[in-house]
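# Structural features, examined
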Amino acid sequence: MVVEAASGNIDVHAPPSEYYRLPPSRRSAGINRSRSRSYQRSHHLYGTNKHLDQVDEESPDSADQQDGQQPSPIRLTRSSASFSNVRRRGSVDEKSMLTRRFLVDINTIEKMILAQEDTNGDYQITVEDSGPKVLKVPTANSGGFRTFEVRGTYMLSNLLQEIALARDCGMSQVVIDEDRLNENPVNRLSRMIRTSFWNGLVRCMDESGIQAICKDPKNTKAGAQPIIYVPHDDHPAFEYYTGIARDLSNYKIKVVKLPKDITPRYVKSINNEFGILSLAADVSYDANGRLVYRPLPFVVPGGRFNEQYGWDSYFETLGLLVDGRYQLGKNMVDNFVYEIKHYGKILNANRSYYLTRSQPPFLTDMVLKVFEALPDKTDDEKRRNHEWLQRSFDAAITEYLTVWMCAPRLDAKTGLSCYHPTGIGMPPETESTHFDHTIKPFAERLGVSVEEYKHLYANDMISEPELDEYFVHDRAVRESGHDTTYRLERRCANLATVDLNCLLYKYEVDIADTLDEHFGGSFEWSGGREMTAAEWRVRAEQRRQSIDKYLWNEKKGLYFDYDVSLGEQSVYESVTALWALWAGCATPAQARKLVDMSCRKFEVKGGLVSGTEESRGVISLQRPNRQWDYPFGWAPHQIMAWYGLYNYGFVDVARRFAYRWLFTITQAFVDFNGVVPEKFDVVNMTHRFQVEYGNVGVDFKHVPREGFGWMNASYQVGLTYLTTHMRRALGMLTPPDMFFKKSNWKIDGTPSHSPATTPYPVPVFVPEIGTPKYRAQSNALFGALKNLTISDCQQSKVVYSDGSVSPESEPCISDPRSSAGYFASQCSKKKRTRSKRRGGGGKKRSSVVFF
Ligand SMILES: OC[C@H]1O[C@H](O[C@H]2O[C@H](CO)[C@@H](O)[C@H](O)[C@H]2O)[C@H](O)[C@@H](O)[C@@H]1O
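Residues numbered from 1 in each chain as written. Predicted model: local features only at pLDDT ≥ 70, side-chain atom pairs only at ≥ 80, totals over all residues.

## Looking at the overall build of the chain
Within the chain, the regular secondary structure consists of 30 helices and 28 strands. By sequence separation, contacts in the chain at least 24 residues apart represent 74% of the contacts at least 6 residues apart. (Helix = DSSP H or I, 4+ residues; strand = E, 2+ residues; numbered from the N terminus. Contact = placed C-beta atoms within 7 Å.)

## Observations concerning the site of the ligand
Close contacts around the ligand come from Pro 301, Phe 305, Tyr 309, Trp 311, Asp 312, Asn 348, Glu 429, Thr 430, Arg 478, Gly 481, Asp 483 and Tyr 693, and that covers them all. Considered class by class, the residues forming the shell around the ligand number five nonpolar, three polar and four charged. (Near = placed C-beta within 6 Å. Nonpolar A, V, L, I, M, F, W, Y, C, P; charged D, E, K, R; others polar.)

## Some thoughts on the pairing of strand E9 (residues 254-257)
As defined by bridge partners, strand E8 (residues 227-230) adjoins E9 across four bridges and the pair is classed as parallel. For Ile 227, the partnering residue across the bridge sits in E9 and is Lys 254. (Pairing = 2+ DSSP bridges.)

## Remarks on helix H20 (residues 533-551)
Taking 1.5 Å per residue as the helical rise, H20 with its 19 residues ought to reach 27 Å, and the 26 Å between its terminal C-alpha atoms agrees with that figure. Counted residue by residue, H20 has 16 buried out of 19 residues, so it is predominantly covered. (Expected span 1.5 Å × (residues − 1). Buried ≥ 20, exposed ≤ 12 C-beta atoms within 10 Å, placed from the backbone.)

## Here's the deal with the nonpolar core
Leu 578, Ala 580 and Trp 642 are the most contacted members of the largest nonpolar core, which has 198 residues in total. Broken down by element, this core gets its largest block of residues, twelve residues, from helix H25 (residues 651-671). (Core = buried A, V, L, I, M, F, W, Y, C linked by C-beta atoms within 7 Å.)

## With respect to the sheet that holds strand E16 (residues 495-496)
Hydrogen bonds between backbone groups are what pair the strands of a sheet, and the pairing can be parallel or antiparallel. Strand order across the open sheet formed by three strands is E16-E21-E22, with antiparallel pairing between neighbours. Edge positions in the sheet fall to E16 and strand E22 (568-569), since each has one partner strand and no second. Alignment of strand E21 (residues 562-563) against E22, held across two bridges, turns out to be antiparallel. Residue Tyr 562 lies in a different strand from E22, and its bridge partner there is Gln 569.

## Section: unusual backbone geometry
Cis geometry is found at the peptide bond from Ala 407 to Pro 408, where omega equals 0 degrees. The residue Pro 408 is located in the loop between helix H15 (379-404) and strand E14 (410-411) in this model. Residue Asp 483 is joined to Thr 484 through a cis peptide bond whose omega torsion reads 10 degrees. Position of Thr 484 relative to the elements: it lies in the loop between helix H18 (465-479) and E16. Even without glycine at this site, Tyr 123 takes up a positive phi of about 60 degrees. Summarising the element assignment, Tyr 123 is placed in the loop between helix H5 (106-117) and strand E4 (134-138). Positive phi, normally seen in glycine, also occurs at Glu 692, with a value near 30 degrees. Within the secondary structure layout, Glu 692 lies in the loop between strand E26 (680-681) and helix H26 (709-719).

## Digging into the packing of helix H24 (residues 635-647) against H25
Running from N to C, H24 and H25 cross one another at 160 degrees; their axes reach a closest spacing of 7 Å. Taken together, the axis directions place H24 and H25 in an arrangement best described as roughly antiparallel. Considering only the axes of H24 and H25, their crossing is left-handed. Where H24 abuts H25, its residues Gln 638, Ala 641, Trp 642, Leu 645 and Tyr 646 lie against Val 651, Val 653, Ala 654, Phe 657, Ala 658 and Trp 661. In terms of residue class, the contact of H24 with H25 is made up of ten nonpolar, one polar and no charged. (Axes fitted to C-alpha atoms, helices over the stretch in contact; angles between N-to-C directions. Parallel < 35°, antiparallel > 145°, perpendicular 65-115°, else oblique. Left-handed = near helix turned anticlockwise from the far one by under 90°.)

## A word on the packing of helix H12 (residues 310-322) against H26
Between two packed helices, what matters for the description is the angle formed by their axes and the separation of those axes. Following both chains from N to C, one finds H12 and H26 inclined at 40 degrees, their axes separated by 8 Å at the closest point. Compared by their axis directions, H12 and H26 come out oblique. When the axes of H12 and H26 are compared, the crossing they make is left-handed. Across the interface between the two elements, Asp 312, Phe 315, Glu 316, Leu 318, Gly 319 and Val 322 of H12 pack against Gly 709, Trp 710, Asn 712, Ala 713, Gln 716 and Val 717 of H26.

## Focus: the pairing of strand E17 (residues 522-525)
Where E17 meets strand E18 (residues 529-532), four bridges bridge the pair, whose relative direction is antiparallel. Of the residues in E18, the one forming a bridge with Ser 522 is Thr 532.

## Concerning the sheet that holds E9
The three strands are arranged E9-E8-E10 in an open sheet whose pairing can be described as parallel. In the strand order of this sheet, the two ends are held by E9 and strand E10 (276-277), each with one partner. Packing of helix H10 (residues 235-247) onto the sheet brings it into contact with E8 and E9, and relative to E9 it is tilted by some 160 degrees.

## A word on helix H6 (residues 152-168)
In this model H6 runs 25 Å from its N-terminal to its C-terminal C-alpha over 17 residues, within 8% of the 24 Å that 1.5 Å per residue would give. Counting buried positions over the 17 residues of H6 gives 14, a clear majority of the element. Phi turns positive, to about 85 degrees, at Gly 170, one or two residues after H6.

## Some remarks on the environment of Glu 554
Here Glu 554 lies in the loop between strand E19 (552-553) and strand E20 (558-559). Residue class for Glu 554 comes out exposed when judged on the 10 C-beta atoms lying within 10 Å of it. Along the chain, Glu 554 and Asn 744 lie 190 residues apart, while their C-alpha atoms are 31 Å from each other.

## Here's the deal with the environment of Thr 720
Tracing the sequence through the fold places Thr 720 in the loop between H26 and helix H27 (724-731). Of the residues examined, Thr 720 has 14 C-beta atoms within 10 Å and is grouped as partly exposed. Sequence spacing of Thr 720 and Val 322 is 398 residues, and the spatial spacing of their C-alpha atoms is 8.5 Å.

## Description of the confidence of the model for the chain
Overall, the prediction assigns the chain a mean pLDDT of 83, with 78% of residues at 70 or greater. Within the model, pLDDT remains below 50 along residues 1-8, and this stretch shows 13 contacts once partners closer than five positions in the same chain are excluded. Within the model, the stretch residues 749-851 combines pLDDT values under 50 with 151 contacts to residues more than four positions away or in other chains. (pLDDT = per-residue confidence, 0-100.)

## Concerning the environment of Glu 613
Mapped onto the elements, Glu 613 comes out in helix H23 (residues 613-616). Separated by twelve residues in sequence, Glu 613 and Lys 601 have C-alpha atoms that sit 9.1 Å apart.

Laid out in structure tokens, this is it:
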């Protein structure tokens, strides 16, 4: 039945929940009415496909399919052969101004479309299906007595999608506007992300969320009980989840308190009892003293990744902010603050086997972007935002000092950091056969099977230092987020990567700027001492100098990773070199060199590729492709590059890269039933390939419901870089090179409209994605401190007034040689003020030293 809507007009592109509840008469078709057109591959650009060639031609009998003509019988068969004489026409735009609408009996049309068009039986209509690509659908104006053709992969797949969405709304028969089926694909995808995909990716660890988690196959390994791990001192969480376990007794949920010290040994000991980790919640008590515990909803990457991930969350947040969903971004920050407090770091994801490792750190920028989006009209809102900012930055400082600037991640000699998690042995989350080729030679040497060897090794019944070393690097690769790539294989823990050090530079600048801007230059860190903006500016300047000294290669015009154990630069060319622009730590001259000499190495048809083909090396059966190498392109790499280039004034280059990437996504969306996958082969322009863990986000029936977290974000963020002209061209699926040629863009690496001399990193206002507001201020200070020399970082102990000494792992800062005078004066000034305020007494630090 078609259900009457409560009131009001809506446009034909409204979200399904509104659209399918409103009678057709109330839909405002005029606003978005577009010409009927077919979106399909241009054969001269993408190679020929015999079948497509056939169906693209004019159908001889199509003219009589217009509304008001006698309908032809509808054929219902699955074999494409029976349609060999049915041909699709190029264009049969309706001449009348009447809005065409289809009367769709959901079950009937679904059966027809699948039987006729879904020739490979995957419940999607794609360019790989070999149906006739034309379906006669009853029209609403004729009361269903006559039909009109829905043509082409795009419109047919949209029809299939709309059928599924209408069914979700409880409908069995609906009227669908033709305008909804041939909607401009850019608008359609962006709309689906905004109104449907984000919602599809929201998870919450409340009672219903826990039931979903229990059904996740990852939680029920060999019929084991689902486990929820809770920090040892989070009593409300323990009470809440124990209650849920009791209420959902059929799921046999186990709630386990983690020990106070979550050591690598402990984490290894629960490898076979893995489970989900609790996250932040709103906690209060009602009038009767009963616990009111509300876990915070958050966004997940999608597919098999059903937890909150580290760096994915940052990119998802950028996309959410474009769509006005700041609350989800804020919740995800709160979950990170919780993870830092209770688990000691931002986790790879909130699962037990990730307890020993992190992912690329983006927290300060994420907090600032969310902060800028928070409503702050009232004094109360302003106060709460300010408190939130302090809490979040306090946690970021803790993370910076205790995770990234400590053993084993800090390299004392260079002052740079490496990905180097503390986990032991084989990471359990990978496919069971993932490491078989690595284990094989060891097993053969011992004369046992691979399975036996894995068992012996996992249970400490044999020791093999070579394998231990292998897994240290393997885990580091996973911490880097770039799992896996030949860039990092067997050496990652020894590499001071350009990515990580640019991110940490950004932390330092953000902390300094935020202290200055919002806290009068300093605040009391919960770790027990005053944090001053000046200290963080010097940290930033020291890192910038180290990055220049160890990672920058003037001759090649590119940043490289630095192997701290070999004392030399790596030669692998990685697109993460552009992160220096995102962080703002390149000089204008370095930025210019990067653009002129190196950008073109990564620019391919569909966007930016992860690394160069030459760096990856020859691929063979013995040396298979890795997903973070050439020819693959990833959303985070694109976003970082756009932002960085824009930040340095290379606006056109940023736009060009954005256009390429958005074209890749849009084309897959049009040709493959709305797919938004985890990654692309940007050289061959496809998401269909065999590599390592496959491609996530491609397995759905009828309609995509989630897309993929950072892909969704890259689309929404990317659109903010395009001019109206570019957006229009994208909507027509104009291939990038054709578009650049026609609009006279230079594509040889030299930006056509960017300034000849790039200004010093200027704060460029990008309203939708936020602004590096205080960069200028930081830069001035960096300039003043330019002559500071980098010295070895040695951990020093803090001596308290009662004679006790801080534990060895407590982070501290010292530089007895270069900046001591400067810091000492800052420090004693603050100390004097503080002890005056406190009136002295208590356990005070008698000395704080810096490096
Ligand atoms: O199971 C294999 C790996 O899967 C994850 O890594 C990939 O997906 C993540 C979520 O989108 C993403 O953050 C990461 O960059 C991808 O390589 C997981 O994070 C890895 O730890 C795991 O080894």
